[in-house]
Amino acid sequence: MQNTFKAVRVTEDVWWVGAIDWNIRDFHGYQTMRGSTYNAYLILADSITLIDTVKAPFREEMMARIASVVDPGKIEYIVSNHSEMDHSGSLPEVIAAVNPKKVFASTVGVKTLTELFPLDRKITAVQDGETLSLGNRSLTFLETRMLHWPDSMFAYLNEEQLLFSQDAFGMHLASLERFADECDPAILAYEAATYYANIILPYSPLVLKLIERVTAAGLSFRIIAPDHGPIWRKEIVGIIGSYAKWAAQKPEAKAVVVYATMWHSTEKMARAVSEGLAAGGLGVKLLSMDEVHRSDVVYELLGAGALAVGSPTLNNHLLPNMADILTYLKGLKPRNLIGAAFGSYGWSGEAVKEIEDILAEMKVEKAGEGIRVKNVPDAEVLTRCYELGKTMAEKVRSRL
Amino acid sequence: MGKYVCGICGYVYDPEVGDPEAGIGEGVPFERLPEDWVCPLCGAAKDEFTPE
């Protein structure tokens, strides 16, 4: 049968040989409505080198794309920039099929890969800053620990000024267009931002340090080739600038109100808080966890200055979907937020206190006392909610 | 007072800085950090750290 999966040329010597996952909609809790790609790259240097592999079920697609340009048996080196299974899942079988001379990973990557897979060969550790000769080309490795796993590293193809950036600068977007400049800019802007919010956000301080380090080293990039989504060859300054902006987490005149409701009381409070926030001059996103996905909340929180959280009390606790979003947010560590809690209850009303404790743990600055109401909020309670929103807005505006 | 490095993510605990987000002020040596203190970057436990 004729092979229909082809490699796509990125530069003179570099080819994209990844796989397209049109159907994936959930990435460990992050909703990926446009699917994704698992990008692997082939460098046709004197020593033919494969950068990363793909998720296990997509191995044949990758091997077919490789075979469209070179006999896979000629691959001498495999570099694993990131050990997570969507990029390493097919590594053991690819090693068996290709029999490369060497497989490289960061020092932590060697440990992680060995723990993940029964590998019958030694993985060679490369150090931060080390350069590997591919004959007529050379790759320099840059450790990027916790961006976004401890093993993560970048590989820089010196002669082409091409950065293999693994998950950084990536996005979940399935497409047959391989380059960002071929895609709809509005979709790129959204998908890159929500990827940052859902994956990279907790490590924002490291993103800032990395940008500083790369700038100080005077590295310039002609192409950034990430492990998911399209390749950047024109908007390089733009995507790096966006990362610097998102990582700085400088609050903007924007608030997010997230809540869930049982019998619409907490919803009424949420509406009143939102009106107050808007009256105070902030843009507001009101999100019901009964309707929206947690990934959308994190996306909206990017650049927000305020977070108001509401939940009724169910059996002495938060509603489960509010525990879901708060657990997710806690891990993603958004910073520089002004916050407040509110909620209705039938008899005991612990939820507001629970939210306040979580917000405190998240280092969210409390704008005012949480508002609890028994059963249904009356006009006086709703006015207090409105005023709480206004107070939050004032505090945010004083920080702008 | 020496610095300690996280074996998981490479974060360096510097006693001269402390860990303000966890309420650890300046001048607290690594040995005197609470036993339940964790790496502010990756969450690793204290026993993952080694002297720099």
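Throughout, residues of each chain are indexed from 1 in the direction in which the sequence is written. Working convention: letters from A go to chains and numbers from 1 go to ligands, in the order in which they are written. The model is predicted, so local features are restricted to residues of pLDDT at least 70 and side-chain atom pairs to those at 80 or more, both for listing and for counting; the totals for chains, interfaces and linings are taken over all residues. Just so you know, side-chain values use all the structure's heavy atoms and leave hydrogens and water out.

**Regarding the domain arrangement of chain A**
Residues and elements named next belong to chain A. For the domains described, the bounds stem from an automatic or database domain assignment. With domains assigned, chain A is organised as domain 1 (8-248) and domain 2 (255-394). By definition in these notes, contact holds between two residues if any of their heavy atoms fall within 4.5 Å. With 13 residues of domain 1 in contact, the opposing surface of domain 2 contributes 13 residues. Accessible-area loss on putting two parts together, using a 1.4 Å probe and summing over both, is the definition of buried area adopted here. Buried area between domain 1 and domain 2, both sides added, is near 1,100 Å², and the carbon and sulfur share of it is 58%. We count a salt bridge whenever a side-chain nitrogen from Lys or Arg sits within 4 Å of a carboxyl oxygen from Asp or Glu. Remark: the boundary between domain 1 and domain 2 carries zero salt bridges. Each polar contact in these results corresponds to two N or O atoms within 3.5 Å; when the atoms are within protein, one needs to be able to donate a hydrogen and the other to accept it, and residues that are neighboring in sequence are counted only if both atoms are side-chain atoms. There are four residue pairs in polar contact (both at pLDDT 80 or more) connecting domain 1 and domain 2. Secondary structure elements are taken from DSSP: a helix is a run of H or I of four residues or more, a strand is a run of E of two residues or more, and numbering for both begins at the N terminus. At the level of secondary structure, the elements contributing two or more residues to the side of domain 1 that touches domain 2 comprise β5 (30-31), α5 (185-200) and α7 (236-248). In terms of residue count, the dominant contributor to the side of domain 1 that touches domain 2 is α5 (six residues). Considering only residue class, the side of domain 1 that touches domain 2 consists of nine nonpolar, four polar and no charged. Residue type decides the class: Asp, Glu, Lys and Arg count as charged, Ala, Val, Leu, Ile, Met, Phe, Trp, Tyr, Cys and Pro as nonpolar, and the leftover types, Gly among them, as polar.

**Here we look at helix α6 (residues 204-216) of chain A**
All names here are of chain A. Over its 13 residues, α6 runs 18 Å from end to end, which matches the ideal 18 Å to within 8%, given 1.5 Å per residue. Using a 1.4 Å probe on the protein chains alone, a residue whose accessible area is under 20% of its type maximum counts as buried, one over 50% counts as exposed, and one in between counts as partly exposed. Every buried residue of α6 is accounted for by Ser204, Leu206, Val207, Leu210, Ile211 and Val214. End-on, the buried residues of α6 take up no more than an arc of 150°, which puts them together on one face. Opposite the buried face of α6, at more than 90 degrees from it, the exposed residues are Pro205, Lys209, Glu212 and Ala216. Where α6 is buried, its residues touch β13 (138-143), β14 (153-157), α5 and α7. With its phi angle positive at about 70°, glycine 218 sits one or two positions after the end of α6. By definition here, a helix of n residues has an expected span of 1.5 Å times n minus one. Starting at the helix axis, one direction is taken to each C-beta atom, and the arc is that of these directions.

**Some words on the interface of chain B and chain A**
Every contact between the two is made by ten residues of chain B and, on the other side, nine residues of chain A. Carbon and sulfur atoms supply 51% of the area that chain B and chain A bury against each other, a total of about 690 Å² over both sides. Of all residues in chain B, Ile8, Glu21 and Leu41 of chain B give up the largest surface area on contact with chain A, accounting jointly for 68% of the area buried on that side. A salt bridge links arginine 335 of chain A to glutamate 21 of chain B, with the nearest nitrogen and oxygen atoms 2.9 Å apart. Taken together, the links from chain B to chain A amount to three residue pairs in polar contact (both at pLDDT 80 or more).

**Describing the packing of helix α8 (residues 265-279) of chain A against helix α12 (residues 379-399) of chain A**
All names here are of chain A. An axis is simply a line fitted to the C-alpha atoms; with a helix, the fit covers only the stretch in contact. Between two such axes, the angle follows the N-to-C directions and lies from 0 to 180 degrees. Orientation of α8 relative to α12, taken along the N-to-C sense of each, is 40°, at an axis distance of 6 Å. Between α8 and α12, the angle is such that the two are oblique. Our pair here, α8 against α12, has a crossing hand that is right-handed. Along the contact surface, α8 presents Lys268, Met269, Ala272, Val273, Glu275, Gly276, Leu277 and Ala279, while α12 presents Val381, Leu382, Cys385, Tyr386, Gly389, Lys390, Met392 and Ala393. When its residues are assigned to classes, the contact of α8 with α12 shows eleven nonpolar, two polar and three charged. If an angle is under 35 degrees, it is roughly parallel; if it is over 145, roughly antiparallel; if it lies from 65 to 115, roughly perpendicular; otherwise it is oblique. If you view the pair so one helix is near and one far, a crossing is left-handed when the near helix is turned anticlockwise from the far one by less than a right angle, and right-handed when it is turned clockwise.

**With respect to the environment of asparagine 321 of chain A**
All names here are of chain A. Among the structural elements, asparagine 321 can be located in helix α10 (residues 320-332). The spatial distance from the C-alpha of asparagine 321 to the C-alpha of serine 288 is 9.7 Å, given a sequence separation of 33 residues. Separated by 3.4 Å, the side chain of asparagine 321 and the backbone oxygen of methionine 289 make a polar contact.

**A look at helix α4 (residues 107-116) of chain A**
Taken together, the buried positions of α4 of chain A are occupied by Val108, Gly109, Val110, Thr112 and Leu113 of chain A. Its buried side turned inward, α4 of chain A meets β9 (77-80), α2 (85-88), α3 (91-98), β10 (102-106) and β11 (124-126) of chain A.

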